[in-house]
Amino acid sequence: MTESGSFGGEDVAQRWFPVAASSDAPFRHVAQAKLLGREYAIWRADDGYVNAWENRCLHRGVRLSIGQNEGTELRCTYHGWRYSSRSGGCTYIPAHPADAPAQTICNQTYRCEERHGLIWVTEAGTGELPRHAAFGSSTSEDASLALRALPLNAPASLVLEMLEAYPAHTAAEATGSHSFQFQVADGDGGGVVAFVQPVDEAHCVIRPVLVDAPPDSRRLEVLRSEALILNRFREVVEQEAASRPSTPVIERDILPVLGRAASETSVSFAPSQSRTELRVVVTTKTPVADGVMSFEFAPIATPGEPAVLPTAQPGAHIDVQLPNGLIRQYSLTNRSGDQERYVIGVKLEPESTGGSTCLHETVREGDVLAISAPRNNFPLRRSATRTILIAGGIGLTPLLAMAETLHAAGQPFEFHCFARSQAHLPFASRLEAMGASVTTHLGLDPSQTARAIEQALGRHEPAAHVYLCGPAPMLDAAQQIAADSDWPEDAVHFEYFANTNEVDRSSSFEISLARSSLTLSVGPGETILDVLRSNGVPLDASCQQGACGTCVVELLDGEPQHQDVHLKPSERAAGDRIITCVSRAAAGERLVLDI
Amino acid sequence: MASVVHSANVTVTDQRCTDPVVLNLWHPIAAVLELEPGGEHRSRLLGAHLTYGITSVGDLWASADGQELPVIERYGYLWTSLGSPEGGDSLGIPFEIPEAHEPDRRNMNAGSFQVATSAPRAIENFLDMGHFPYVHTDLLGVEPHTEVADYQVDIHDGEIWATDCLFFQPVAAASATGGQISEYTYRVPHPFCVMLYKNVPTDPSRRDVIAIFVQAMTEETVRVHNFYSMVDETTSDNGLRRFQQVIFSQDKPILENQRPTKLPLDPRVETPIRADQSAIVYRRWLTELGLTYAVIPA
Ligand code: FES
Ligand SMILES: [Fe+2]
């Protein structure tokens, strides 16, 4: 066995090993574990999901095991970066609170399972965690009891080797690689299965599990003799280990991001055609208000890959490819780090071009839909002293994600929801769960609405922020009220569902691409985005009507004619960026783009 | 699941340095005032075992493994070199801090602390403002003031300068009495030395200087010498030392939990953001200097 490496076997990266006891990952704790020379941060989210991540913050390499488990997210101690449960993606970078972290900033996650009171990890395995024969059916598995782990100053390979050489010491039998079995006392049922966790070249941990937990009356006796047997065995193994030349301990995974970074750069420039490349299944479709349906999307598992959705930050939206060929954008209502499902709310708009009708009428539970990864052009500043959320109708969806994120973190916020009536208020039960932080305003006319918004805003204080989402007339009015109440523009954040302005596409003009010194012309009826894409410049876009801001490009020179509803007045005035799906230049002009 | 890239690395931190760039630098060893006249002190530098001290007549000396080393005194510290430092054996200077020569300055060592990290990691931590609200909560930073505004980083005369660094600080210094937006200038004149300049509240034409001079004992252990050159008259030496000690005790557990301990110079290995502009330039600068000690070269 020693010839095949100090870990006692080939292909160890494919195998599953226990790395911790379930009890090492209690509520809101982060444990550190080591397997095959690699360190892991192990933490259980509030929903029970156990995460096994590389123990190293992507930012500056600080161990994540000294970070804070915030329930659905893990926060790094050094600069407060937050990472989502399940996906491991970064949800927040406090040094740049106005920017949404790129989808590519994602921790290395490992497949992880809980069984027999132990947490199991595989470094690169694609198969399922195998069942150990001693535990038989799943019913007897429930009776198992994980015993105290025994760390050894000896390599795992030596433990296995010594089992063969000195069976008498333990009366133990090797039961396949990396585990052995022994009886403690007569009549203790299945006895003990001891799993061997190879820590590194010089250390391992023996993790014994009693196949059947003994009755209370015999418990002490069984535990005592089990400990005696294993301690004796440990002594023999450690003595032998000390008498052999020591193996140098190799620290693995020192530079893990390299390979990934290279492949991820290509992901962020992926051609736009593949933007709805994710497949999800509709798990529930339920009415959540008059004319509003909520849809839950779950990831589709592929063999050997955990079924995990890409990281969503509060305020993010996805593109949904509908069975009728349309692509529509919907905000996610999930709070940050709550990633088991994506939940959207869709209002039936019979007048519209058929996106909502298709979802309401055609799409059923069990259907598979193609969606894009979440994009966030509406980021939430998560350490503001005061946060006001103002929602009109279905505009509540992105703000619900923000409210629940702040609520879970115990941070104060004021969530004002405007709706025609109680029956029209979407997700009322989730609103109710947030108690006094939510105020509903029902059946108000425009002037009453304006007054309520004015009251909700009050005077601006330092580090206060307001987020607005709703129908265009309400948003226009609210921005005006905020400006009149001396709210600075950089504290007022908004997202329009749609651009209801008339878009003029008549001019023809030129664009120069600064980085490739290419000049292209945009004709009447065409958009900058169209022309860029048809010339092979991959540019991400989503709503294509100047509302979501995904297709923004930096502008180096030229007079833009803005026609979007995404940029703030000062951003428009600065003239240093342009929303390429609707905005253009006057006839005969030229824009220099930083691409 | 992304594929796992293995890069095995056997870390031997104890070996003597062979990097000529680092060997030929002056390195800080100890605060002269803390040396006992006639005594013999021991420490390490770049893996070598040092003995050093001050004779009863006030001459500084140092030797490594029995071999005599050049020494100089600058800013109250004993500096030595294991190679041929710039400017010849005992005439060279590590770098100039003109402010420290002003007659009404208080120059002092605010503590020498040992940490299990590499010298360049310690330098980057000193340059980093983003961690203030999280690591030095209520002292150097506090939520919600987490944003790091863009600042300017340039290389002048072979030194890194970061200017227009603004950050909200509840207690920026031992003498401060309330929150304020501090404006800092950072300067890296030596691969293992960094300082910051801060306007003196009572006299905006002058600047306090706070520096760390890092003694690389081995690639992965350092002694950090905290140098203050202050115009501030309100805080006692002990007050300054205590403040520095608190700040340092907050940084230490972070530094000792950074992996890898040596600084990776390849920009793809970690995830820099705009706030890390000074660190980005520092890593590039080390690469250009050809430095290989205590780093993982790109
Ligand atoms: S090292 Fe983790 S947030 Fe910076
Ligand atoms: Fe610090």
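Keep in mind it's a predicted model, so treat the numbers as computed, not measured. (Residues numbered from 1 in each chain as written. Chains lettered and ligands numbered in written order. Predicted model: local features only at pLDDT ≥ 70, side-chain atom pairs only at ≥ 80, totals over all residues. Heavy atoms only, no water.)

Residues and numbers for the overall build of chain A, please.
A tally of regular secondary structure across chain A gives twelve helices and 34 strands. A total of 595 residues make up chain A; the buried ones form 54% of that total. Put simply, of all contacts in chain A between residues at least 6 apart along the chain, 65% involve residues at least 24 apart. Here chain A has roughly 24,100 Å² of accessible surface; of this, 51% comes from carbon and sulfur atoms. When the 48 positive and 72 negative side-chain charges of chain A are each reduced to one mean point, those points stand 2 Å apart. (Helix = DSSP H or I, 4+ residues; strand = E, 2+ residues; numbered from the N terminus. Buried < 20%, exposed > 50% of the residue type's maximum accessible area, 1.4 Å probe, protein only. Contact = heavy atoms within 4.5 Å. Areas by Shrake-Rupley, 256 points an atom, 1.4 Å probe, with all protein chains shown as cover. Lys, Arg positive; Asp, Glu negative; His and termini not counted. Charge placed at Lys NZ, Arg CZ, Asp CG, Glu CD.)

With reference to specific residues and values, describe the sheet that holds strand β1 (residues 16-21) of chain A.
Residue and element names in this part refer to chain A. The six strands lie next to each other as β1-β10-β9-β4-β3-β2, forming an open sheet whose pairing is antiparallel. Each edge of the open sheet carries a strand with a single partner, namely β1 and β2 (30-35). This sheet shows a mean twist of 35 degrees between the axes of neighbouring strands, independent of strand direction. Strand direction decides the pairing type here: β1 and strand β10 (residues 118-122), joined by five bridges, are antiparallel. By the bridge assignment for β10, proline 18 is matched with tryptophan 120. (Pairing = 2+ DSSP bridges. Axes fitted to C-alpha atoms, helices over the stretch in contact; angles between N-to-C directions.)

Outline the confidence of the model for chain B, supporting the account with residue identities and numerical values.
All names here are of chain B. Of the residues in chain B, 91% reach a pLDDT of 70 or more, and the chain-wide mean stands at 89. Contacts from residues 1-12, a stretch scored under 50 in pLDDT, to residues over four places away or in other chains number 34 contacts. Here the prediction assigns the complex a pTM of 0.88, and the interface score ipTM is 0.93. (pLDDT = per-residue confidence, 0-100.)

I'd like a rundown of the coordination of the iron ion (ligand 2), residues and numbers included.
Residues and elements named next belong to chain B. Protein-derived coordination of the iron ion (ligand 2) comes from His131 (NE2), His136 (NE2), Asp251 (OD) and Asp251 (OD), at a distance range of 2.1 to 2.5 Å. Considering all four donor atoms around the iron ion (ligand 2), angles at the metal cover 56 to 154 degrees and the coordination shape is irregular. Site description for the iron ion (ligand 2): donor spacing in sequence, H-x4-H-x114-D. Taken together, the residues histidine 131 in the loop between α2 (119-127) and α3 (132-135) and aspartate 251 in helix α4 (residues 237-255) connect sequence positions 120 residues apart. (Donors = N, O, S within 2.8 Å, 3.2 Å for Na, K, Ca; no water. Tetrahedral: all angles 85-135°; square planar, octahedral: opposite > 155°, others 65-115°.)

Describe unusual backbone geometry, and please don't skip the residues or the numbers.
Residues and elements named next belong to chain B. The omega torsion of the bond from glutamate 143 to proline 144 falls at 5 degrees, within 30 degrees of zero and hence cis. Take proline 144: it is sitting in the loop between α3 and β9 (152-156). In the segment running from arginine 259 into proline 260, the intervening peptide bond is cis, with an omega of -10 degrees. With respect to the helices and strands, proline 260 occurs in the loop between α4 and β15 (263-264). Phi is positive for aspartate 164, which is not a glycine, with a value near 60 degrees. Relative to the helices and strands, aspartate 164 resides in strand β10 (residues 159-169). Judged by its relative accessible area of 46%, aspartate 164 is partly exposed.

Outline the pattern of salt bridges, supporting the account with residue identities and numerical values.
A complete count under the given rule lists 46 salt bridges over all chains for this structure. Note that A:Glu571 and A:Arg577 form a salt bridge whose closest N and O atoms lie 3.7 Å from each other. Connected through salt bridges with shared partners, the residues A:Arg56, A:Arg60, B:Arg121, B:Glu124, B:Glu270, B:Asp276 and B:Arg283 form a single ionic network. (Salt bridge = Lys/Arg side-chain N within 4 Å of Asp/Glu carboxyl O.)

Outline the sheet that holds strand β22 (residues 368-371) of chain A, listing residues and values.
What holds strands together in a sheet is hydrogen bonding between their backbones, with the strands either parallel or antiparallel. All names here are of chain A. One open sheet accounts for six strands, arranged β20-β19-β22-β17-β18-β21; its pairing is antiparallel. With partners counted over all chains shown, the strands left at the sheet margins are β20 (327-331) and β21 (342-347), one partner each. Direction aside, neighbouring strands of the sheet carry axes that sit 45 degrees apart on average. Alignment of strand β17 (residues 278-289) against β22, held across four bridges, turns out to be antiparallel. Of the residues in β22, the one forming a bridge with valine 280 is leucine 369.

Give me the nonpolar core: which residues, what numbers.
Ranked by internal contacts, the top residues of the largest apolar core, which has 91 residues, are B:Leu46, B:Tyr186, B:Val214 and B:Tyr282. Ranked by the residues each element gives to this core, the list is headed by α4(B), at six residues. Residues within four places of B:Val214 in sequence aside, it is in contact with B:Pro28, B:Ala119, B:Ala122, B:Ile123, B:Phe192, B:Cys193, B:Val222, B:Arg223 and B:Val224. A:Leu152, A:Leu163, A:Ile229 and A:Leu230 belong to the second-largest nonpolar core, a separate cluster that totals 27 residues. (Core = buried A, V, L, I, M, F, W, Y, C linked by side-chain atoms within 4.5 Å.)

Got a sec to walk through the packing of helix α9 (residues 446-457) of chain A against helix α10 (residues 472-484) of chain A? Specific residues and values, please.
Residues and elements named next belong to chain A. Their axes nearest at 10 Å, the elements α9 and α10 cross at an angle of 45 degrees. Taken together, the axes of α9 and α10 are oblique relative to one another. Judged by the sense of rotation from one axis to the other, the crossing of α9 with α10 is right-handed. Judged by residue contacts, Ala450, Ile453, Glu454 and Leu457 of α9 engage Met474, Ala478, Ile481 and Ala482 from α10. (Parallel < 35°, antiparallel > 145°, perpendicular 65-115°, else oblique. Left-handed = near helix turned anticlockwise from the far one by under 90°.)

Explain the confidence of the model for chain A residue by residue, including any values.
All names here are of chain A. On average, residues of chain A score 87 in pLDDT, and 90% of them reach the 70 mark or higher. Across residues 1-5, where pLDDT falls below 50, the model places seven contacts with residues more than four positions away in sequence or in other chains. Taken as a whole, residues 256-274 scores under 50 in pLDDT and shows 23 contacts with residues more than four places along the chain or in a different chain.

Got a sec to walk through the packing of α2(B) against helix α5 (residues 277-289) of chain B? Specific residues and values, please.
Residues and elements named next belong to chain B. Look at α2 against α5: their axes get within 9 Å of each other, and the N-to-C directions meet at 150 degrees. Overall, the two elements α2 and α5 adopt an arrangement that is roughly antiparallel. As α2 runs across α5, the sense of the crossing is right-handed. Residues Pro120, Arg121, Ile123, Glu124 and Leu127 of α2 touch α5, and the partners they reach there are Ser278, Ala279, Tyr282, Arg283 and Leu286. Partitioned by chemical class, the residues of the contact of α2 with α5 number six nonpolar, one polar and three charged. (Nonpolar A, V, L, I, M, F, W, Y, C, P; charged D, E, K, R; others polar.)

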